[in-house]
Amino acid sequence: MSVLDEIQADAQPGYAPSVAVILQRFRQALGEVAFAGVAKPDFGLHAVRMIEASTHPSGVKLQLVSDLSSLNWWCDLQPGDAFSAALAALARRTYFQEAQAIPHQLEVADPAALRSHSLFVGRLLDLRHSPTRGAFDYLRALTSDPQNQRVDVFHAGVMSPDLQAYARARLGASISKVTFVSIESDLNFLAKAAGQGPRTFHFWCEEPFFIHISLVALVGPTLMFTCGDAAPVQFADVYWYCQEPGYIEGLWRRKGAPAAFADAYHKIESAPFPCPAPLHARTRGDLGFRAEETVIVTVGNRLGVDMDQAFVDGMGALVLSDPNVRWVVVGWMQEFWTSAFESVLGSQFTHIPYDDDLASLLQVCDVFANPFRAGGGTTAIMAIDAGAVVMTRGDMGDVGAFVPPRHLTFDAEAYFGALQSLVDDKALRAAWLAEQQTLLARRVDQDNFARELKELVGLAFTRFAQRVPTPLETIFAQPQARRLALSAAGQRARSR
């Protein structure tokens, strides 16, 4: 079996067709022989070197770079932090080469940018998709400011009738300020975003390798939401999330992000993370759970990738030690996982491949056990809101932003020790849940988010005004020419 076949076999269920398309592009662009003898742990860095060494146009290289990032997300390549750094650095070098032909440079920052905004929100799917719901809360925060006159929303996907109705309900009369533009059907979207006067650019769940993220930074202040324990690939005047700055600095340094990126990070207290209401009420009996059981739930779209052996072993041991513990896993997994769990754990294990009313399911669970993964923030928020206390680690993952620091653990042994305590002690669960819900109330306070976002816009504009006109080297994190570097340091450059 070639490494490409191995990667296909390890694809998270639901993503296998997309993985097949990506691997076919790699075969066509680089050749199957280019990966002969390559082991899966070495695939990522090997592919980066092959892409950079190829003679393909920049557009093809950037497609392969984005594809490689998706493979890592969907197939758990486990290539290490060096891979993340190399992939992002290759993207920035390629962007930089492409941007040499750009003739325009903004000379002066115009305060009118504070009143007009372009918001890039990634792909809109449906109201069960948390980034889609969050996009409308972000939009609400912008439009609720009476000083903001215009917001253009750039999206992939389709503004379905359901989403249009949701937008009208969420925004009310403020929707008159908003224009929606599909980046898939309007090939002139970048001119609309950047060419209609001064504005501030916002990136919420946008594809991280889209070059327009960097290009618009040449003409306006930029703000970027970050999450999922991933370091940003491209420049922004302000990066924001709810994690502590020290955590972000260490994470981004390990993943090879330029130091200036972490310096631009700003922690906020609230964010556009709406909690969907249950569609209907359910009881434990409806789901086949016993009243006396302690129900531990684990939820995710990528559990076949997210759950490592340490987590699986720890959960198995905990469940087997107590016949009144049930482990409920929600999300598609490879068949070998479900077969193993059913064989070993028997009736104490329940697998639900998909549930379209996750909020009501979480209401009948006691503990949300978050795997040792990068993501999971949205489901953790839903769990706390529904009344299930969250158990997570503090040395990885974005869930730590929604849990009080004293609830966090920093290795597998401490994690399962604390989880066992929560299983054994209802009073402890209740106390932890009260603390978590208090923190969550602050995190999902949308009025506070609107105030904080306005402050971030002001900070981004101040930083933008200080950097214009901006050298391309700054935007793409490339070494500056000697003359430029000396001039920036206030020294007199001499010809050599």
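Structure's up top.
Just so it is clear, the model here is predicted, and its values are computed rather than measured.

Rules used in this analysis
Residues numbered from 1 in each chain as written. Predicted model: local features only at pLDDT ≥ 70, side-chain atom pairs only at ≥ 80, totals over all residues. Heavy atoms only, no water. Helix = DSSP H or I, 4+ residues; strand = E, 2+ residues; numbered from the N terminus. Buried < 20%, exposed > 50% of the residue type's maximum accessible area, 1.4 Å probe, protein only. Contact = heavy atoms within 4.5 Å. Core = buried A, V, L, I, M, F, W, Y, C linked by side-chain atoms within 4.5 Å. Pairing = 2+ DSSP bridges. Axes fitted to C-alpha atoms, helices over the stretch in contact; angles between N-to-C directions. Parallel < 35°, antiparallel > 145°, perpendicular 65-115°, else oblique. Left-handed = near helix turned anticlockwise from the far one by under 90°. Nonpolar A, V, L, I, M, F, W, Y, C, P; charged D, E, K, R; others polar. Phe/Tyr/Trp six-rings, centres within 6.5 Å; stacked < 30°, edge-to-face > 60°. Lys NZ or Arg CZ within 6 Å of the ring centre and 35° of its normal. 1 Å grid on protein atoms, 1.4 Å probe; cavity = no way out; pocket = protein on both sides within 12 Å on 5 of 7 lines; lining within 4 Å. Points joined across faces, edges and corners; volume = space filled by probe spheres on them. Salt bridge = Lys/Arg side-chain N within 4 Å of Asp/Glu carboxyl O.

(A) Layout of the environment of Leu459. The topology assignment puts Leu459 in helix α20 (residues 446–467). Classification of Leu459 by relative accessible area gives partly exposed; the value is 25%. Counting along the chain gives 362 residues from Leu459 to Gln97, while the straight-line C-alpha distance between them is 29 Å. If near-sequence neighbours (up to four positions away) are discounted, Leu459 is found in contact with Val238 and His266.

(B) Here's a closer look at the side chain of Asp306. One can find Asp306 in helix α13 (residues 303–306). With relative accessibility at 11%, the residue Asp306 sits in the buried group. Not counting the four nearest positions on each side in its chain, Asp306 is found in contact with Pro371, Phe372 and Arg373.

(C) Region of interest: the nonpolar core. One finds Phe26, Phe43, Leu68, Leu71 and Trp252 to be the most contacted residues of the largest nonpolar core, which totals 124 residues. The element that contributes the greatest number of residues to this core is helix α5 (residues 81–99), accounting for eight residues. Setting aside its immediate chain neighbours within four residues, Phe26 contacts Gly31, Phe35, Ala47, Ile51, Leu64, Asp67, Leu68 and Leu71. One finds Met307, Leu318, Met333 and Val389 within the second-largest nonpolar core, a separate group that totals 29 residues.

(D) Quick peek at the sheet that holds strand β1 (residues 116–124). Taken in spatial order, the seven strands make up an open sheet running β3-β2-β1-β4-β5-β6-β7, and their pairing is parallel. On the outer flanks of this sheet lie β3 (178–182) and β7 (265–267), each paired with one strand and no other. On average, each strand axis in the sheet is inclined to that of its neighbour by 25 degrees, with strand direction left out of account. Pairing of strand β4 (residues 200–203) with strand β5 (residues 222–225) involves three bridges; the strand directions are parallel. Counterpart to Phe203 in the pairing with β5 is Met224. Here helix α6 (residues 130–143) sits on the sheet and contacts β1, β2 (150–157), β3, β4 and β6 (238–241); the angle it forms with β1, its principal contact strand, is near 170 degrees.

(E) Representation of the packing of helix α2 (residues 16–30) against helix α4 (residues 58–75) in the model. Taken N-terminus to C-terminus, the directions of α2 and α4 make an angle of 140 degrees; their axes are 10 Å apart at the nearest point. Classed by the angle they form, the pair α2 and α4 counts as oblique. For the crossing formed where α2 meets α4, the hand is left-handed. Counting all contacts with α2, which are made through Ser18, Val19, Ile22, Leu23, Arg25, Phe26 and Ala29, the residues of α4 involved are Gln63, Leu64, Asp67, Leu68, Ser70, Leu71, Trp74 and Cys75. Per-class residue counts for the contact of α2 with α4 are ten nonpolar, three polar and two charged.

(F) Focus on the packing of aromatic side chains. Tallying each qualifying case throughout the model produces 38 aromatic pairs. Arranged with centres 6.4 Å apart and planes meeting at 75 degrees, the rings of Tyr241 and Phe273 form a pair that is edge-to-face. Placement of the pair is Tyr241 in strand β6 and Phe273 in the loop between β7 and α12 (284–287), with a sequence separation of 32 residues. Each member of the pair, Tyr241 as well as Phe273, is classed as buried. The ring of Trp73 is capped by Arg302, whose NZ or CZ atom sits 3.9 Å from the centre of that ring.

(G) Main features of empty space enclosed by the protein. Under the definition given, this model contains one cavity of 30 Å³ or more. Here the largest cavity is characterised by a volume of approximately 60 Å³. As for the largest cavity, its lining consists of Thr226, Cys227, Gly228, Asp229, Ala230, Tyr241, Gln243, Tyr247, Ile248, Leu251, Trp252 and Asp398. Among the elements that make up the lining of the largest cavity, the one with the highest residue count is helix α10 (residues 245–254) (four residues).

(H) Here's a closer look at the pattern of salt bridges. Across all of its chains, the model carries 29 salt bridges by this definition. We note a salt bridge from Asp447 to Arg140, for which the minimum N-O separation is 3.2 Å. Here Arg140 lies in helix α6 and Asp447 lies in helix α20, a separation of 307 residues in the sequence. For Asp447, a relative accessible area of 44% corresponds to the partly exposed category. We note a salt bridge from Arg290 to Glu293, for which the minimum N-O separation is 3.0 Å. Taking relative accessible area as the criterion, Arg290 reaches 32% and is therefore assigned partly exposed.

From the geometry alone we can't say anything about function, so treat these as descriptive.
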